[in-house]
Amino acid sequence: MSSMNSTNSTGIGTFTVRPLDPLHDAPLLHRWVTHPKAAFWMMQDAKLQDVEREYLRIAAHPHHHAFLGLHDGEPAFLMEKYDPRYVELTGLYDPEPGDVGMHFLVAPTDRPVHGFTRAVITAVMEELFADPDTQRVVVEPDVSNKAVHALNEAVGFVPEREIDKPEKRALLSFCTRAQFDTARGVTV
């Protein structure tokens, strides 16, 4: 299991991540991706079997990986890591060596914790940049998802341009290791 520690100043707890088990984790994921707050995940009408099938497909893909994120040992978020040369952004931009694509989804809750989603995206970025080969993280959220644009900006993402994907109009954005460090106030 890989360990991701949140920034100590958040006081929110410890984040860890493990590979997703598509069959075992599907019931949990199904509740998350069909929740109204997950509308941008585009699985609102998915059946349990649809979620199983999607994550079995990802598990079998050599360039796309899904992880279950835990907060103090409890399931709290979904993280996907992909190679944008082969998944999601193929032909939509000129990838650079060290580019890594990312998606994340925070579990819905009845007891929101102030700063939790920012702590999750920070932990996800720390996990991605823990790999020395990762030079830049690439995201492509829906242009109308203003909340995630603000989160992305808070951790150092810089929007480049809007792109048309088959399922949405997306805001292509990048975050280098240096931009992430600057956003966190880390001096190198």
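Residues numbered from 1 in each chain as written. Predicted model: local features only at pLDDT ≥ 70, side-chain atom pairs only at ≥ 80, totals over all residues. Heavy atoms only, no water.

Attention now moves to the overall build of the protein chain. The number of helices and strands found in the protein chain is 5 helices and 8 strands. Each helix (α) and strand (β) of the protein chain, taken in turn from the N terminus, gives the series β-β-α-α-β-β-β-α-β-α-β-β-α. Against the compact-globule benchmark of 16 Å for 188 residues, the protein chain has a radius of gyration of 16 Å, which places it among compact chains. Seen through its principal axes, the protein chain has C-alpha atoms that stretch 45 × 40 × 30 Å. Counting only carbon and sulfur atoms, one obtains 53% of the accessible surface of the protein chain, whose full area is about 9900 Å². With 18 positive and 27 negative side-chain charges, the protein chain shows a separation of 2 Å between the mean positions of the two kinds. (Helix = DSSP H or I, 4+ residues; strand = E, 2+ residues; numbered from the N terminus. Rg over C-alpha atoms; globule rule 2.2 N^0.38 Å. Areas by Shrake-Rupley, 256 points an atom, 1.4 Å probe, with all protein chains shown as cover. Lys, Arg positive; Asp, Glu negative; His and termini not counted. Charge placed at Lys NZ, Arg CZ, Asp CG, Glu CD.)

What follows deals with helix α4 (residues 146-154). Because an α-helix completes one turn every 3.6 residues, residues spaced three or four positions apart along the sequence face the same direction. Regarding α4, the residues found buried are Val148, His149, Leu151 and Asn152. The arc enclosing the buried residues of α4, seen along the axis, measures out at 165°, which places them on a common side. Seen from the open side of α4, the exposed residues pointing more than 90 degrees away from its buried face are Lys146, Ala147 and Glu153. Following α4 by one or two positions, Gly156 has its phi on the positive side, about 110°. (Buried < 20%, exposed > 50% of the residue type's maximum accessible area, 1.4 Å probe, protein only. Arc of directions from axis to C-beta.)

The subject of this paragraph is the pairing of strand β7 (residues 158-164). One ladder, built from 6 bridges, connects β7 with strand β8 (residues 169-176); its direction is antiparallel. In the strand pairing of β8, Asp164 is matched with Arg169. The hairpin turn running from β7 into β8, its antiparallel successor, is 4 residues long. (Pairing = 2+ DSSP bridges.)

A probe matching the size of a water molecule, rolled over the atoms, marks out where space remains unfilled. The computed volume of the largest pocket comes to approximately 1400 Å³. Elements supplying a minimum of two residues to the lining of the largest pocket: α2 (48-60), β3 (64-71), β4 (74-82), β5 (99-106), α3 (116-129) and α4. Ranked by the residues each element gives to the lining of the largest pocket, the list is headed by β5, at 5 residues. Its residues assigned to classes, the lining of the largest pocket shows 26 nonpolar, 9 polar and 13 charged. (1 Å grid on protein atoms, 1.4 Å probe; cavity = no way out; pocket = protein on both sides within 12 Å on 5 of 7 lines; lining within 4 Å. Points joined across faces, edges and corners; volume = space filled by probe spheres on them. Nonpolar A, V, L, I, M, F, W, Y, C, P; charged D, E, K, R; others polar.)

What follows deals with the confidence of the model for the protein chain. Here the protein chain shows a mean pLDDT of 89. Residues at 70 or above account for 94%. At the level of individual helices and strands, the protein chain shows its lowest average pLDDT in strand β1 (residues 2-5), which scores 45, and its highest in strand β6 (residues 136-139), which scores 97. Low pLDDT (under 50) marks residues 1-9, which in the prediction has 26 contacts with non-local residues, meaning those over four places away or in another chain. (pLDDT = per-residue confidence, 0-100. Contact = heavy atoms within 4.5 Å.)

This paragraph deals with the pattern of salt bridges. Per the stated rule, a full pass over the model turns up 16 salt bridges. Across the pair Asp25 and Arg18 runs a salt bridge whose closest N-O atoms are separated by 2.9 Å. Of the charged contacts, one joins Glu162 and Arg169 as a salt bridge, the two residues approaching to 2.8 Å between their closest N and O atoms. Judged by relative accessible area, Arg169 falls into the partly exposed class, the value being 35%. By sharing partners, the salt bridges in this structure join Glu88, Glu140, Lys165, Glu167 and Lys168 into a single network. (Salt bridge = Lys/Arg side-chain N within 4 Å of Asp/Glu carboxyl O.)

Moving on, we come to the packing of aromatic side chains. Applying the stated criterion across every chain yields a total of 4 aromatic pairs. Between Phe15 and Phe116, the ring centres sit 5.7 Å apart and the planes meet at 50°, which makes this aromatic pair tilted. Within this pair, whereas Phe15 is found in strand β2 (residues 14-19), its partner Phe116 is found in helix α3, the two being separated by 101 residues in sequence. On the basis of relative accessibility, which here comes to 0%, the residue Phe15 falls in the buried class. With a centroid separation of 5.5 Å and 50° between ring planes, the pair formed by Tyr93 and Phe174 is classed as tilted. Placement of Tyr93 in the loop between β4 and β5 and of Phe174 in strand β8 is noted, with a sequence separation of 81 residues between them. Owing to a relative accessible area of 7%, Tyr93 belongs among the buried residues under this scheme. An aromatic cluster of three or more residues is present, and its members are Phe15, Phe77 and Phe116. The aromatic ring of Phe174 is capped on one face by Arg136, whose charged end is 3.9 Å from the ring centroid. (Phe/Tyr/Trp six-rings, centres within 6.5 Å; stacked < 30°, edge-to-face > 60°. Lys NZ or Arg CZ within 6 Å of the ring centre and 35° of its normal.)

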